[in-house]
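# Summary of structural features
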Amino acid sequence: MISKKLETALNKQINEEIFSAYLYLSMAAYFLSLNLDGFAAWMKNQAQEEMSHAMKFFNFLDEMGGRVSLLAVKEPEKNWKSPLAAFTAVSRHEQYITSCINELYRLAGSEKNNPTQIMLQWFIKEQVEEESTATKIVFKLTQIKDSVNGMWILDKQLGARGTGA
Ligand code: FEO
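Residues numbered from 1 in each chain as written. Predicted model: local features only at pLDDT ≥ 70, side-chain atom pairs only at ≥ 80, totals over all residues. Heavy atoms only, no water.

### Some points on the overall build of the chain
The helix and strand inventory of the chain stands at five helices and zero strands. Reading the secondary structure of the chain in the N-to-C direction produces α-α-α-α-α. Overall, the C-alpha framework of the chain stretches about 55 × 25 × 25 Å when taken along its three principal axes. In the chain, buried positions account for 45% of the 165 residues. Entry remark: accessible area of the chain is about 9100 Å², with carbon and sulfur atoms responsible for 56%. Side-chain charges of the chain comprise 18 positive and 19 negative groups, with the mean position of each set lying 3 Å from the other. (Helix = DSSP H or I, 4+ residues; strand = E, 2+ residues; numbered from the N terminus. Buried < 20%, exposed > 50% of the residue type's maximum accessible area, 1.4 Å probe, protein only. Areas by Shrake-Rupley, 256 points an atom, 1.4 Å probe, with all protein chains shown as cover. Lys, Arg positive; Asp, Glu negative; His and termini not counted. Charge placed at Lys NZ, Arg CZ, Asp CG, Glu CD.)

### A look at the packing of aromatic side chains
Considering all chains together, one arrives at eight aromatic pairs under this definition. Both rings, one in Y30 and one in W80, keep their centres 5.5 Å apart while their planes meet at 65°; by these two values the pair is edge-to-face. With Y30 in helix α1 (residues 4–33) and W80 in the loop between α2 (37–63) and α3 (83–110), this residue pair connects regions lying 50 residues apart in the sequence. With relative accessibility at 6%, the residue Y30 sits in the buried group. Put simply, the rings of Y30, F31, F39, W42, W80 and F87 pair up and form one aromatic cluster. Of note, K56 hangs over the ring of W122, and the distance from its end group to the ring centre comes to 4.2 Å. Between the NZ or CZ atom of K74 and the centre of the ring of F19, over which it lies, the distance is 4.3 Å. (Phe/Tyr/Trp six-rings, centres within 6.5 Å; stacked < 30°, edge-to-face > 60°. Lys NZ or Arg CZ within 6 Å of the ring centre and 35° of its normal.)

### Some words on helix α5 (residues 148–161)
In this model α5 runs 20 Å from its N-terminal to its C-terminal C-alpha over 14 residues, within 8% of the 20 Å that 1.5 Å per residue would give. Where α5 is concerned, the buried positions are G150, M151, L154, D155 and L158. Down the axis of α5, the buried side of the element spans an arc of 135°, and every buried residue falls inside it. Along α5, the residues that are exposed and aim more than 90 degrees away from the buried face are N149, I153, K156 and A160. Check the buried side of α5 and you find it contacts α2, α3 and α4 (114–144). (Expected span 1.5 Å × (residues − 1). Arc of directions from axis to C-beta. Contact = heavy atoms within 4.5 Å.)

### Here we look at the side chain of E50
Checked against the element boundaries, E50 lands in helix α2. Despite its burial, E50 pairs with no opposite charge, the nearest such side chain being K56 at 11 Å. Beyond its immediate sequence surroundings of up to four residues, E50 is in contact with E17, S20, A21, Y24, E94 and E130. (Salt bridge = Lys/Arg side-chain N within 4 Å of Asp/Glu carboxyl O.)

Take it as geometry only, folks, not as evidence of what the structure does.
Structure representation (structure tokens):
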């Protein structure tokens, strides 16, 4: 069983995760326009991961007897000033998602909804990884500055790993 309030909050989180996928796909297109195929591959991979997050919430809400209700997905940004600006935006976005997950966890706790809290613990751990990965790439890009060689090396690294840096 799930309350209407929690159902609404979980539906909103499905939307946040789908928007994350949309944002990272938009970043993939931005990186492709710069011929940074490795960065683009990383973003495509990340977008797929975000869709899997959305589906975790989707399936959970259904299993709990809630009604999944999809909301409009807002249009993402299309351009960034630089790869560093794009990854700084990733980092900020992940911090925002962490705050959403934490808020959901508090709500589930206040309603003594144990299954939802347990499900959210996976996301709490996942967000530590998501934030850390973005922070590391921001750090590398800050170090690289305008070095073309540095950019190509990082592009290769990101392309090879798909996720992580
Ligand atoms: Fe689904 Fe990157 O948080």
